[in-house]
Amino acid sequence: MTAAAGGAGLEVRVDRLRCVGSGQCAAAAPQALELGEDGRARPRHPAGAAPAGSAQALTQAADLCPTEALAVYAGGELIAPAD
């Protein structure tokens, strides 16, 4: 994990067409993700502004997503989901 992965420079991308709204991501990283009115995941913060210290929770959230609708980047590099 890079130094940027501590929070600063983190970007969470949600493919809302793939998201089925299981809620596992929001439960794993509630400080960074939420379910919108349509029941699908969305970031709570603008790109690059994930809360400090949220890298581990976001990585877990991406790994838990049953449809692989989440991707987490640090400094432009994909850090989750794991291959």
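Details of the structure are given in the entry above.
Nothing here was measured: the structure is a model prediction, and the numbers come from that model.

Caption draft 1: Fine view of the overall build of the chain. Across its full length, the chain carries two helices and five strands. Helices and strands appear in the chain in the N-to-C order β-α-β-β-α-β-β. A buried classification covers 37% of the 83 residues belonging to the chain. Of the contacts made within the chain by residues no fewer than 6 positions apart, 58% connect residues no fewer than 24 positions apart. Entry remark: accessible area of the chain is about 4500 Å², with carbon and sulfur atoms responsible for 50%.

Caption draft 2: Inspection of the sheet that holds strand S1 (residues 10-14) at higher detail. Strand order in the open sheet formed by three strands is S1-S4-S5, with antiparallel pairing between adjacent strands. A strand with exactly one partner marks an edge of an open sheet, and here the two such strands are S1 and strand S5 (77-80). Shown here is a sheet whose adjacent strand axes are inclined to one another by a mean of 35 degrees, direction ignored. Looking at chain direction, strand S4 (residues 70-74) and S5 are connected through three bridges and run antiparallel. Note on S5: the bridge partner recorded for Val 72 is Ala 80. Where helix H2 (residues 55-64) meets the sheet, it contacts S1, S4 and S5, and its direction lies at approximately 150 degrees from that of S4.

Caption draft 3: View of the environment of Asp 63. Along the polypeptide, Asp 63 turns up in helix H2. Classification of Asp 63 as partly exposed rests on a relative accessible area of 43%. Placed 39 residues apart in sequence, Asp 63 and Gln 24 show a C-alpha to C-alpha distance of 9.8 Å. Contact partners of Asp 63, with chain neighbours within four places excluded, come to Pro 81 and Ala 82.

Caption draft 4: Structural detail: the side chain of Thr 59. Locating Thr 59 in the fold gives a position in helix H2. Within the structure, Thr 59 has its side chain in polar contact with the backbone oxygen of Ala 55 (distance 2.8 Å). Leave out the neighbours within four places in its chain, and Thr 59 touches Ile 79 and Ala 80.

Caption draft 5: Up close: unusual backbone geometry. Look at the link from Ala 80 to Pro 81: it is a cis peptide, with omega at 10 degrees. One can find Pro 81 in the segment after S5. Although it is not a glycine, Glu 68 adopts a positive phi angle of roughly 55 degrees. Within the fold, Glu 68 resides in the loop between H2 and S4.

Cut-offs and rules
Residues numbered from 1 in each chain as written. Predicted model: local features only at pLDDT ≥ 70, side-chain atom pairs only at ≥ 80, totals over all residues. Heavy atoms only, no water. Helix = DSSP H or I, 4+ residues; strand = E, 2+ residues; numbered from the N terminus. Buried < 20%, exposed > 50% of the residue type's maximum accessible area, 1.4 Å probe, protein only. Contact = heavy atoms within 4.5 Å. Areas by Shrake-Rupley, 256 points an atom, 1.4 Å probe, with all protein chains shown as cover. Pairing = 2+ DSSP bridges. Axes fitted to C-alpha atoms, helices over the stretch in contact; angles between N-to-C directions. Polar contact = N/O pair within 3.5 Å; in protein donor to acceptor, adjacent residues only side chain to side chain.

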